[in-house]
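Read off the chains here:
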Amino acid sequence: MSSLFDLTGRTALITGSVRGIGYALAEGLAAEGARVIVNSRRQDAVDAALARLQAGGHAALGAAFDVTDEAAVSAAFSRFDEQGIEIDILINNAGIQFRKPMVELELKDWQRVIDTNLTSAFIVGREAAKRMIARGRGGKIINIGSLTSEAGRATVAPYTAAKGGIKMLSRAMAAEWAQFNIQANSIGPGYILTEMNTALIENAEFDAWVKSSNPAQRWGKPEELVGTAVYLASKASSYVNGQIIYVDGGWLSVL
Ligand SMILES: NC(=O)c1ccc[n+]([C@@H]2O[C@H](COP(=O)([O-])OP(=O)(O)OC[C@H]3O[C@@H](n4cnc5c(N)ncnc54)[C@H](OP(=O)(O)O)[C@@H]3O)[C@@H](O)[C@H]2O)c1
């Protein structure tokens with residue numbers, strides 16, 4: 001790997017990284033030399049992910065906290081400070097899905113999805129950026145968007161609103177923090193084989209639609225997001241800011 005993409009000496013916090021896309025990104029960044037911090041709401045899940053990464057020879061730490069809980073996020077960053085852990089790369093990846101026609105959708109479910117998929121990126125991003133700015137070495141923020149950062153889909157209104165918000169939050173971060181050598185960009189994954197999509201993967205009709213509507217004619221795999229994440233986490237992207245890169249097998253190209 002060229003030194004342009006080398007992450008040796010960097011510490012990366014990846015939220016929601018005990019499985020799925022987050023775990024693949026943690027493993028992928030660790031493979032390029034980063035020390036990674038895995039996160040989820042559950043300590044046992046964090047411990048299990050940590051054990052897998054360490055068994056693979058990777059430098060990894062764990063931090064269980066709920067990304068929607070401002071006090072818990074602030075406490076986690078205070079613990080990082082006390083332990084001398086400096087976050088160079090933040091990937092705001094934690095997310096949930098909730099499917100319901102909008103006319104039946106309750107406010108509490110709207111709020112839960114917005115809090116987890118959008119507000120969390122502000123809360124965690126603010127804590128990370130404050131410290132990146134104070135240290136004066138810059139940093140990298142990668143916010144995980146979606147195809148719904150670009151395209152509306154039925155029955156996922158709060159998710160669509162949140163992921164559209166992620167694209168623009170990344171631009172707001174770039175607008176405020178580029179002067180501090182922080183690059184904030186988004187990745188928009190297409191349909192990826194993860195637990196979040198279990199019901200869709202097992203639905204023959206939906207599975208057939210994914211394959212027929214996508215020029216790649218297949219679902220994506222979590223590890224196929226790693227290259228873009230390493231690029232956006234490394235000095236290879238030092239003048240790339242406020243962008244969203246879709247990793248979708250070409251799905252948006254044929255809309
Ligand atoms: N899969 C796709 O097709 C797809 C497509 C586009 C975008 N995305 C986005 O990619 C990201 C990862 O999705 P995925 O498919 O890998 O989902 P997943 O397999 O369900 O994983 C979600 C991760 O987020 C964590 N999480 C959820 N709520 C959290 C909270 N409040 N605080 C901390 N961690 C939390 C989960 O851990 P715990 O449950 O243990 O807390 C888990 O580690 C999400 O932002 C998702 O919207 C996915």
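Draft legend 1. Geometry of the pairing of strand β4 (residues 89-92). In β4, alternate side chains face the same way, and those of I89 and I91 on one face and L90 and N92 on the other are all buried. In this sheet, β4 lies alongside strand β1 (residues 11-14) in parallel orientation, the contact comprising three bridges. Of the residues in β4, the one forming a bridge with L13 is L90. Both β4 and strand β5 (residues 139-144) contribute to a ladder of four bridges, which runs parallel. Of the residues in β5, the one forming a bridge with I89 is K140. The handedness of the β4 to β5 crossover, carried by helix α4 (residues 107-135), is right-handed.

Draft legend 2. How the structure looks around the nonpolar core. Ranked by size, the top nonpolar core spans 63 residues in total, and within it A12, L25, L29, V36, V38 and A229 carry the most contacts. Residues within four places of L25 in sequence aside, it is in contact with I14, S17, I91, N93, L225, V226 and A229.

Draft legend 3. Up close: the site of the ligand. Residues in close proximity to the ligand total 31 residues, the closest being G16, G20, S40, G95 and T194. Split into classes, the residues belonging to the shell around the ligand amount to 11 nonpolar, 15 polar and five charged.

Draft legend 4. Representation of α4 within the structure. Its 29 residues give α4 an end-to-end C-alpha distance of 40 Å, which sits within 8% of 42 Å, the value for a rise of 1.5 Å per residue. Residues of α4 that are buried include every one of V113, T116, N117, L118, S120, A121, V124, G125, E127, A128, A129 and M132, and no others. Where α4 is buried, its residues touch α3 (70-82), β4, β5, α5 (157-177) and β6 (182-189). Where α4 ends, the next residue or the one after it, G136, has phi of about 75 degrees, a positive value.

Draft legend 5. Looking closely at the sheet that holds β6. Taken together, the seven strands give an open sheet; going across it, the order is β3-β2-β1-β4-β5-β6-β7, and neighbouring strands pair in parallel fashion. In this open sheet, the two strands that pair with only one neighbour each are β3 (60-62) and β7 (244-247). Neighbour-to-neighbour, the strand axes of the sheet open up by a mean angle of 20 degrees, direction not taken into account. Two strands pair when backbone bridges link them, and β1 and strand β2 (residues 35-38) are joined in this way by four bridges, in the parallel orientation. The partner of L13 across the bridge, within β2, is I37. Across the sheet, helix α2 (residues 43-55) is in contact with β2 and β3; its angle to β3 comes to roughly 175 degrees. Of the strands in this sheet, β5, β6 and β7 touch α5, which is tilted by about 170 degrees from β6.

Definitions and cut-offs
Residues numbered from 1 in each chain as written. Predicted model: local features only at pLDDT ≥ 70, side-chain atom pairs only at ≥ 80, totals over all residues. Buried ≥ 20, exposed ≤ 12 C-beta atoms within 10 Å, placed from the backbone. Helix = DSSP H or I, 4+ residues; strand = E, 2+ residues; numbered from the N terminus. Pairing = 2+ DSSP bridges. Right-handed = clockwise from strand over helix to strand, strands pointing away. Core = buried A, V, L, I, M, F, W, Y, C linked by C-beta atoms within 7 Å. Contact = placed C-beta atoms within 7 Å. Near = placed C-beta within 6 Å. Nonpolar A, V, L, I, M, F, W, Y, C, P; charged D, E, K, R; others polar. Expected span 1.5 Å × (residues − 1). Axes fitted to C-alpha atoms, helices over the stretch in contact; angles between N-to-C directions.

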